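What the coordinates show
Okay, here's what each chain looks like letter by letter:
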Amino acid sequence: MVTDTPGTLIAGATTMYGPDHALNAAALSNYVRLDALAQRLRPTGQAIQTIPLTEAERIPDIEEIVEVHLIANRTIELEAPFETMHDTTEADAMAERIVEAGRRFARAVLDGLAEGGIDTDDPMELMLAIRRTGSKRLEELFGPGEEMPGRLRGRKPVETSTSIEEMEETGEGHVANLDPALRETIRVADLRGCVATTDVHEYGKILVETVLGRLDVAIVDGGVSIDPNDLAETVVREGADFIALSSYNGVTLEFLRDLEDQVHAQGIDLPIFIGGKLNRIPDGSNTSLPVDIGGELAEAGAVVCRNIDEIFGALGYIAAAKAAKAAKATEADEL
Amino acid sequence: MSELRDRAQLIPELELRPGAEVVAEGRAMARKITPGRCAFLDHYGVETEAEYKRRCVAEGRIMLHAAIGYRDPFRTARACADIWETLDKKGYRLDRFGLVFDRNMGYPPEMRADMPVGTGLINHCDEAWAAIAAAAPTAPYYGDFMIGQPASFENAAMAIQTGATMMGNLSHFYNYKLLYMEDDAGRAASTVKAIALLAAQPKEMYVGSNADDGFGPLFTDLACTFGLVLFEKYLVETLIGARHATVFGNMFADPRTRMAFQRALALVGEETGPMVYGATTLYGPDLDANYASLAHYVTFDIATLRDRPTGHALTPIPVTEYARIPDPDEIVEAHIVANRLIELAPSVETLIDFAVIDRIAMDLVAGGERFRDNLLKGFAEAGIDISDPIELLLAVKRAGARNLERWYGPGKEDPATARGRRPVVLVENIAELEAKGDAILGAIPAGKVKAIGGRGYIACVATTDVHEYGKLLLEHVMRGLDVDTVDGGVSADPARLVDKAAESGADFIALSTYNGIALSYLTKLREAMEAAGLNIPIYIGGRLNQVPKSSNTSLPVDVSAGLVESGAIVCSDVEAMLDRLAGDAEPTVAASTDKGA
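Now for a description of the structure that goes with this document. Values in this document were obtained by computation on a predicted structure and should not be read as measured data.

1. Overview of the overall build of chain A
Across its full length, chain A holds 11 helices and 11 strands. In terms of its C-alpha atoms, chain A occupies a principal-axis envelope of roughly 80 × 55 × 40 Å. Relative to its full complement of 335 residues, chain A shows a buried share of 36%. The centroid of the 30 positive side-chain charges in chain A is displaced by 3 Å from the centroid of its 60 negative side-chain charges.

2. Digging into the overall build of chain B
On a plain count of helices and strands, chain B comes out with 23 helices and 15 strands. The principal-axis extent of the C-alpha atoms belonging to chain B is close to 85 × 55 × 55 Å. For chain B, buried positions account for 61% of its 597 residues. Contacts in chain B between residues far apart in sequence, at least 24 positions, make up 79% of those at least 6 positions apart. Summing over all exposed atoms, chain B offers an accessible surface of approximately 21900 Å²; the carbon and sulfur share of this is 51%. The distance from the centre of the 59 positive side-chain charges to the centre of the 82 negative ones in chain B is 2 Å.

3. Brief notes about empty space enclosed by the protein
All names here are of chain B. Here the structure, examined in full by the defined rule, presents five cavities of 30 Å³ or more. Taken as a whole, the second largest cavity holds about 60 Å³ of empty space. Surrounding the second largest cavity, Ser171, Tyr174, Ser209, Asn210, Ala211, Phe215, Gly216, Thr225, Leu228, Val229, Glu232 and Thr246 form its lining. Looking at the lining of the second largest cavity, the elements with two or more residues in it are β5 (206–210) and α10 (222–239). Per-element tally for the lining of the second largest cavity: the top contributor is α10, with four residues. For the lining of the second largest cavity, the per-class residue count stands at five nonpolar, six polar and one charged.

4. Focus: the pairing of strand β3 (residues 139–142) of chain B
Every other side chain in a regular strand lies on the same face of the sheet, so the side chains alternate between the two faces. Residue and element names in this part refer to chain B. Neither face of β3 is exposed, since Ala139 and Tyr141 on one face and Pro140 and Tyr142 on the opposite face are all buried. Relative to β3, strand β2 (residues 96–99) runs parallel, the two sharing four bridges. Looking at β3, one finds that Phe97 is bridged to Pro140. Handedness of the β-α-β unit built from β2, helix α6 (residues 126–135) and β3 comes out right-handed.

5. Looking at the environment of Ala188 of chain B
Take Ala188 of chain B: it is sitting in helix α9 (residues 184–199). Counting along the chain gives 203 residues from Ala188 of chain B to Glu391 of chain B, while the straight-line C-alpha distance between them is 8.4 Å.

6. A look at the environment of Val396 of chain B
Residue and element names in this part refer to chain B. Here Val396 is to be found in helix α16 (residues 389–408). Sequence spacing of Val396 and Phe215 is 181 residues, and the spatial spacing of their C-alpha atoms is 9.8 Å. Not counting chain neighbours up to four residues away, the residues in contact with Val396 comprise Tyr174, Phe215, Leu228, Phe231, Leu375, Phe379 and Leu404.

7. Notes on the interface of chain A and chain B
With 28 residues of chain A at the contact, the number on the chain B side is 31 residues. Note on chain A versus chain B: buried area summed over both sides is about 2500 Å², and carbon and sulfur give 68% of it. For the chain A face of the interface with chain B, the top three residues by lost area are Arg33, Leu78 and Met85 of chain A, together amounting to 23%. Here chain A and chain B share one salt bridge between them.

8. Quick look at the sheet that holds strand β7 (residues 242–247) of chain A
To summarise the sheet geometry, strands pair through backbone hydrogen bonds and adopt either a parallel or an antiparallel arrangement. Residue and element names in this part refer to chain A. Here we have five strands laid out as an open sheet, ordered β6-β5-β7-β8-β11, and parallel in their pairing. Every interior strand has two partners, whereas the edge strands, β6 (218–223) and β11 (303–304), have only one. The strands touched by helix α8 (residues 228–238) are β5 (192–197), β6 and β7; relative to β5, the strand with the most contacts, the crossing angle is about 165°.

9. A few points about a negative patch on the surface
Residue and element names in this part refer to chain A. A cluster of like negative charges, contributed by Asp227, Asp230, Glu233, Asp258 and Asp261, occupies part of the molecular surface. Listed by contribution, the elements that provide at least two residues to the negative patch are α8 and α9 (252–265). Given a relative accessible area of 44%, Glu233 falls into the partly exposed group.

What counts as what
- Residues numbered from 1 in each chain as written.
- Chains lettered and ligands numbered in written order.
- Predicted model: local features only at pLDDT ≥ 70, side-chain atom pairs only at ≥ 80, totals over all residues.
- Heavy atoms only, no water.
- Helix = DSSP H or I, 4+ residues; strand = E, 2+ residues; numbered from the N terminus.
- Buried < 20%, exposed > 50% of the residue type's maximum accessible area, 1.4 Å probe, protein only.
- Lys, Arg positive; Asp, Glu negative; His and termini not counted.
- Charge placed at Lys NZ, Arg CZ, Asp CG, Glu CD.
- Contact = heavy atoms within 4.5 Å.
- Areas by Shrake-Rupley, 256 points an atom, 1.4 Å probe, with all protein chains shown as cover.
- 1 Å grid on protein atoms, 1.4 Å probe; cavity = no way out; pocket = protein on both sides within 12 Å on 5 of 7 lines; lining within 4 Å.
- Points joined across faces, edges and corners; volume = space filled by probe spheres on them.
- Nonpolar A, V, L, I, M, F, W, Y, C, P; charged D, E, K, R; others polar.
- Pairing = 2+ DSSP bridges.
- Right-handed = clockwise from strand over helix to strand, strands pointing away.
- Buried area = accessible area lost by both parts, 1.4 Å probe.
- Salt bridge = Lys/Arg side-chain N within 4 Å of Asp/Glu carboxyl O.
- Axes fitted to C-alpha atoms, helices over the stretch in contact; angles between N-to-C directions.
- Patch = residues over 30% accessible without salt bridge, like charges linked within 9 Å, V, L, I, M, F, W, Y side chains within 5 Å.

Okay, here's the thing in structure tokens:
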């Protein structure tokens with residue numbers, strides 16, 4: 001046992017959600033069933049969070065919250081017999097591996113930070129050190145998985161996080177379906193893309209990075225929850241050909257305008273791809289429900305990509321432009 | 001009928017057509033009636049659905065089945081095409097359609113014009129059959145009101161010629177009775193002739209039988225249900241030389257028995273099962289609860305079909321099905337849910353201990369085999385010719401589920417149980433139904449119980465169609481209230497129901513209806529009552545709808561107002577009926593209270 005402190009809640013598996021409510025209903029029933037079984041067999045006190053089917057597209061209204069709770073309650077009733085026919089051998093083995101590796105990771109982080117001169121008895125210092133190192137570096141430096149160059153984070157995960165695994169698979173799927181000629185155009189252009197998110201939600205960024213990596217586009221890490229001025233600085237310093245921005249929390253329009261101002265102030269102009277959840281609560285709204293602002297973003301100069309596939313076309317365009325520019329430069333040199 | 005000693009108890013006829021003669025006649029017809037093609041067979045380049053099923057099993061694909069049946073066959077065909085296309089665009093495949101005939105299709109073609117019409121599909125011309133065969137690359141599966149009904153042979157012939165290679169539904173022979181069609185010997189002959197026609201086809205064809213539609217739901221021991229499947233295999237395969245495949249699922253709400261029944265079928269060699277039906281008994285008026293139910297049974301069906309494939313297609317039932325005939329969008333939605341659950345299946349299946357399920361499956365097979373053997377031995381000893389399929393079908397049907405379980409059930413004798421035997425595998429529905437009835441009884445105020453019970457009422461309880469649960473529930477509640485019940489029959493013929501009510505001195509008729517014939521049935525019943533000079537209240541409850549005669553949408557509408565106009569007391573549920581009953585009895589309560597004071 002790691003702890004006997006009662007847990008708070010098990011958050012719903014929101015990464016399984018998308019625009020199709022029927023698919024979301026299937027996802028909901030799937031995770032609620034498994035969460036309920038887990039709580040029945042080995043209660044840890046967590047409440048099961050049920051995510052409204054509309055969550056991926058908007059802030060759910062009251063009826064939508066009630067609806068999923070009715071589904072969840074009925075699911076819990078119906079799945080009671082599961083308790084009499086379960087086999088958790090595999091899940092238990094996985095739990096043991098996670099606990100063992102997790103302990104190793106915690107130890108390695110504390111030892112590593114102490115070695116670097118951090119006072120690991122000071123909670124504030126520790127918190128700052130962890131935050132400023134960031135999850136990526138922490139995993140690279142102290143991850144319990146075997147080192148394996150070429151893999152994400154440079155290690156073979158003890159247990160691959162399913163979301164990241166799914167992201168990678170999704171990304172590979174998109175690239176696999178790409179027109180080979182377009183793929184080649186992008187590959188030979190030797191592009192550099194700066195990838196960032198406007199808020200804490202990082203999956204969109206991981207997906208974009210996976211896709212760009214497969215296309216041999218060099219990736220500049222623009223950061224997570226990054227400020228426009230910091231991002232502009234990174235872009236200029238690293239000489240990126242474009243910015244790919246992932247957004248979720250409805251702050252995109254203000255962010256975009258600010259970013260453009262900052263970039264222009266540095267005397268450069270480059271395409272900004274923007275994707276994710278492109279909405280905001282309009283000023284003066286009385287419903288507090290966000291509306292789509294794709295049109296406004298495009299008007300403000302962004303390349304709006306509703307999905308990953310739309311990035312490809314834009315990339316092809318940039319690649320062709322870069323190639324043409326390079327050819328012109330060569331021509332000029334020769335002259 | 002407590003004990004079967006003599007053939008005459010079940011087969012009093014002095015002369016019955018010999019089964020062998022009927023089989024020969026059916027087989028001979030295969031020279032004229034030969035297999036046709038359909039869009040499905042062409043699209044996948046297969047000879048039969050069975051061939052396709054084996055291919056799916058080899059590829060690790062789970063097939064999907066959707067039930068459909070709008071009154072108008074051309075509308076049905078259009079809907080099939082739309083549904084298939086919509087799912088195809090989303091990257092999902094629909095493999096087969098279950099075409100739900102209206103009861104009217106069960107009558108021989110020449111009688112159909114004069115017989116009652118419900119809400120289901122009616123293939124009124126050859127073009128209708130052809131349109132459905134061509135509608136989409138989905139295997140056509142005609143289930144209801146086919147084999148087992150008076151028009152068994154005619155309908156099977158049309159189905160074969162328009163590309164169907166599996167068709168239902170033998171189990172309907174036992175208890176799907178059409179109004180005004182009393183001749184069950186004729187029906188048995190038509191059924192056997194149709195099966196023989198399938199047997200003699202040059203392709204691998206199957207007679208489907210839904211274990212949940214026939215006597216299945218009336219056994220308290222699931223091993224009897226499974227035993228009847230084995231009996232049917234003997235009848236269809238050994239006696240007639242055709243092939244038998246099992247459908248089940250409507251009545252299975254508990255994932256353990258549900259998965260166990262499928263695995264028991266695997267144990268006896270089923271590999272091209274038609275479909276595992278949705279657990280419709282889990283559905284109710286609340287759509288959210290139905291969503292949970294849908295995902296629930298589908299999840300476990302997927303798990304066992306992946307683990308131990310039997311070729312059965314998955315049937316996601318639209319969440320609106322309890323309230324109305326689902327429209328195409330609702331069918332599509334349920335299929336999206338199911339397809340997503342197939343994708344998510346690996347996360348659930350590693351958590352299931354199939355050994356627990358397999359123990360139940362083995363009990364079902366062992367108990368089922370005992371039931372089948374007891375039945376054949378018992379019938380043979382009583383003088384029934386167990387090599388004659390017509391005699392056997394009649395004997396089983398006429399004995400009824402209760403007697404079959406009492407006589408031949410594999411459970412140990414135990415006088416304290418409903419059927420005198422301790423079930424090998426208890427059927428959940430009967431237990432659930434009794435619990436539901438007890439809950440209703442428990443919630444009735446004592447005053448009302450006294451008011452109803454104190455009147456010495458006799459209730460004549462009947463159903464207009466094959467759906468018996470409402471009747472079983474009502475009888476349970478009535479018994480709990482000390483109201484005597486008289487069995488008015490299932491799919492009761494109006495004239496016979498009136499006779500029974502009159503003979504028994506019933507105070508009222510309680511009618512449970514489901515299949516969209518409420519109004520026309522009531523009209524017939526009132527005519528019969530008038531003719532017999534019987535004037536007692538008729539309480540009616542259930543699904544009170546009907547497709548209007550002039551309808552162009554084929555969708556049923558509520559007919560409550562019409563029922564009230566025709567003089568029935570319309571009850572939304574059992575509680576409402578009790579309220580009305582108690583209300584009628586109130587003066588008595590008042591009087592007795594006065595006396596007490």
